[in-house]
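The primary structure of each chain is shown beneath.
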Amino acid sequence: MSGLKVLSAGPLMSVQDMGRPGLLERGISQGGAADVLALAEGAGLLSQGAGLAALEMGGIGGTFEAVGTLRIALTGAPMTATLDGVALTWNASHLVEAGQKLVIGAARRGVYGYLHLGGGIDTDRFLGSRAAHLTGGIGQAVTEGDLLPAGQDAQRETGLGLEVEDRFSGGALRIVKSFQSSLFADDVLARFGDTQFNRGVRANRMGVEMVSDGEGFSAAGQLNILSEVIVPGDVQMTGDGKPFVLLRECQTTGGYPRIGTVLPCDLARVAQSGNGAALQFEWVSLEDGLAIQAKHDAFVKSLPGQCQPLIRDPLDMADLLSYQLVGGAVSANADPFESGENT
Amino acid sequence: MGVQESSNFPVIRTVGLQGLLVTFADKLSEPSNRAALAFQGALEQRLMTGVIETSTSLASVFVRFDPSELSHDVLREQLQGLLADRDWYAAPLPEGRRFWRVPTVYGTDLAPQLAEAADAAGMTEAQAIDSLGSARVRVLTIGFAASQPYLGTLGEEWDLPRQTELTPMVPQGALVQAIRQFVLFTAPAPTGWRHVGQTGMRLFRPEMEHPFALRAGDELIFEPVARADFLRLREGDPLNGGASVSEIAS
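Small disclaimer: the values here were computed from a predicted structure and weren't measured.

Colleague: Describe the domain arrangement of chain A, with residues and values.
Modeller: Residue and element names in this part refer to chain A. Here the domain parsing of chain A yields domain 1 (3–164 + 302–320) and domain 2 (171–287). The gap between the C-alpha centroids of domain 1 and domain 2 is 29 Å. Each partner contributes residues to the interface: domain 1 has 24 residues there, and domain 2 has 13 residues. For the pair domain 1 and domain 2, the two sides together bury roughly 1,400 Å², of which 50% comes from carbon and sulfur. For Glu56, the salt bridge is made with Arg205, and the minimal N-O distance between the two is 2.8 Å. The tally of links between domain 1 and domain 2 comes to 12 residue pairs in polar contact (both at pLDDT 80 or more).

Colleague: Which residues make up the interface of chain B and chain A, and what values do they have?
Modeller: Between chain B and chain A, the residue contacts involve 53 residues of the former and 47 residues of the latter. Together, the buried faces of chain B and chain A total about 4,000 Å²; carbon and sulfur atoms form 61% of this surface. Connecting chain B to chain A are zero salt bridges. Counting across the interface, chain B meets chain A through 19 residue pairs in polar contact (both at pLDDT 80 or more).

Colleague: Can you break down the packing of helix α1 (residues 36–45) of chain A against helix α4 (residues 286–306) of chain A residue by residue, with the values?
Modeller: Residues and elements named next belong to chain A. Relative orientation of the contacting elements α1 and α4 amounts to 25°, with a least axis distance of 7 Å. One element, α1, and the other, α4, form an angle in the roughly parallel class. Here α1 and α4 pass one another in a crossing that is right-handed. Of α4, the residues touching α1 (which contributes Leu37, Ala40, Glu41 and Gly44) are His296, Phe299, Val300, Leu303 and Pro304. Tallied by class, the residues present in the contact of α1 with α4 amount to six nonpolar, two polar and one charged.

Analysis parameters
All chains use their own residue numbering, which begins from 1 and follows the written sequence. Note on labels: chains are lettered from A, ligands numbered from 1, in written order. With pLDDT at 70 or above as the cut-off, local features in this predicted model cover only qualifying residues; side-chain atom pairs require 80 or more to be listed or tallied, and sums for whole chains, interfaces and linings still use all residues. Remark: hydrogens and water are excluded; side-chain values derive from all non-hydrogen atoms of the structure. Domain start and stop positions are those given by an automatic or database domain assignment. Only heavy atoms enter the contact rule, under which two residues are in contact if any of them lie within 4.5 Å. Take the accessible area each of two parts loses on contact, using a 1.4 Å probe, and add the two losses: that sum is the buried area. We define a salt bridge as a side-chain nitrogen of Lys or Arg found within 4 Å of a carboxyl oxygen belonging to Asp or Glu. Counting of polar contacts relies on pairs of N or O atoms within 3.5 Å, with two restrictions inside protein: one atom must be capable of donating a hydrogen and the other of accepting it, and residues adjacent in sequence are counted only when both atoms are side-chain atoms. Axes here mean lines fitted to C-alpha atoms, for a helix over just the part in contact, with angles spanning 0 to 180 degrees between N-to-C directions. Each helix corresponds to a stretch of at least 4 residues labelled H or I by DSSP, and each strand to a stretch of at least 2 residues labelled E; elements are numbered beginning at the N terminus. Throughout this description, any angle smaller than 35 degrees is read as roughly parallel, any larger than 145 degrees as roughly antiparallel, any in the 65 to 115 degree range as roughly perpendicular, and the remainder as oblique. By definition, any crossing whose near helix is turned counterclockwise from its far helix by less than a right angle is left-handed, and any crossing with a clockwise turn is right-handed. Under the scheme applied here, ten amino acids are nonpolar (Ala, Val, Leu, Ile, Met, Phe, Trp, Tyr, Cys and Pro), four are charged (Asp, Glu, Lys and Arg), and all others, including Gly, are polar.

Next up, the structure:
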């Protein structure tokens with residue numbers, strides 16, 4: 001069996017996948033990776049399914065030793081990464097030989113970095129998923145001494161890279177009105193869209209605090225509203241009118257009113273905004289929101305086709321002679337999902 | 001106050017991009033809670049392609065769906081049709097319900113906000129313990145965290161608002177109170193409700209074959225016990241803290 005042995009681990013490291021839909025009725029939110037776009041990117045780079053589990057690393061990575069030979073990919077918040085001391089490209093896939101040491105350092109931008117294994121991380125599933133849901137009491141953080149076993153890897157290609165748009169430095173969050181928006185006065189809704197926020201210090205996989213100057217954003221009858229369903233993206237106002245954007249590991253119900261719901265495609269930007277990053281909310285209609293989300297979904301589906309062989313400078317290639325430079329070359333335009341040769 | 005007060009219930013509204021919510025009332029009541037439970041049961045019998053899941057809250061049913069497979073308009077029409085099918089407010093409670101008696105410490109260092117809650121309800125601490133400790137409450141819905149119940153309905157005197165500031169952390173098994181309800185906490189968490197009692201119930205047991213202790217419709221009494229007795233019970237029964245359970249004949 002191949003995998004990665006964890007020699008040291010940052011404090012916020014856990015196995016994540018797309019989470020557990022279907023358990024809202026039991027009080028368990030879907031959870032899963034804070035940045036699911038990073039999961040799709042890793043799946044594209046390794047030509048495998050986006051439902052496989054990867055290692056999520058909050059703020060800082062760790063040190064790993066390869067057991068057996070395996071493929072890896074690195075996505076999400078860019079972190080420093082080396083393999084036996086040689087720098088690795090982020091947003092790319094790499095081959096790791098047995099016994100090699102992978103060191104992943106601090107995030108240079110953003111919050112959550114992801115380490116993917118060819119074949120996915122093959123830990124046991126619970127209620128249909130391998131994702132840790134720590135606030136829900138499911139699973140555990142990954143710590144020193146753990147082994148991350150790799151699943152059966154049907155592919156061989158490595159050395160692919162992906163151009164990734166910056167979602168790690170704040171920016172605009174598209175938001176639609178939701179069933180409690182009408183509890184807020186029109187001028188409060190307008191002011192909310194005009195306000196410049198910064199990510200606050202209270203932030204985790206459940207939600208992210210937004211801070212701003214000036215008065216808070218309160219609803220009428222704020223403290224006596226019936227507890228209602230919560231979905232990821234909901235912007236909840238606590239008692240003092242401070243907004244929290246709730247993420248995939250949020251509670252399933254709550255009584256503090258929600259001013260609106262950030263589009264699913266913009267949630268990675270919320271989760272990945274570092275402390276102090278500037279963020280604004282941009283109201284969009286339901287119709288426009290659906291169109292924006294559909295466009296994003298199509299983009300995610302196109303990711304595997306966008307992965308291209310990394311262009312390397314031969315002078316940087318100390319092991320040049322070990323490369324097979326002619327035979328077995330792959331076309332930059334080949335789509336591994338189309339050709340079927342990798343399945 | 002907008003939609004919530006001006007509309008005739010039941011009302012169907014959007015929840016973000018991918019959800020619709022059918023709400024039977026804007027205040028907690030016995031008929032609206034029964035309506036939500038029964039409507040969800042009926043909906044589960046005839047799910048449309050594209051529906052991901054349904055869940056109930058106190059007086060609402062939530063439908064999560066994939067708008068690329070099922071449009072808002074088509075789902076809304078189906079929900080409207082089902083609403084017109086019968087008088088949901090007159091529906092019976094679900095079958096197979098259970099009754100739990102849960103030993104509970106009120107006040108002391110284990111539940112430090114009893115005095116504050118009693119004061120807000122206009123009672124002495126002893127009166128508050130009598131009142132809360134004799135109320136037979138029902139699981140109105142499961143939510144917030146895994147297997148965590150909202151319980152009600154308590155008398156009018158317990159219609160207390162949430163706190164403006166969050167309590168940073170209450171422990172597993174904490175019994176908290178606001179707006180004529182209790183919540184019994186599954187796991188340590190921050191809350192805006194007041195921590196009035198402490199139980200030894202562990203509601204979510206991921207290591208067990210049946211990980212979820214309670215179901216919507218179950219009934220509970222939080223019976224007052226002395227602090228020393230509670231600690232003994234919790235040590236002897238780390239799963240339920242000495243709680244007993246029996247079937248409710250339907």
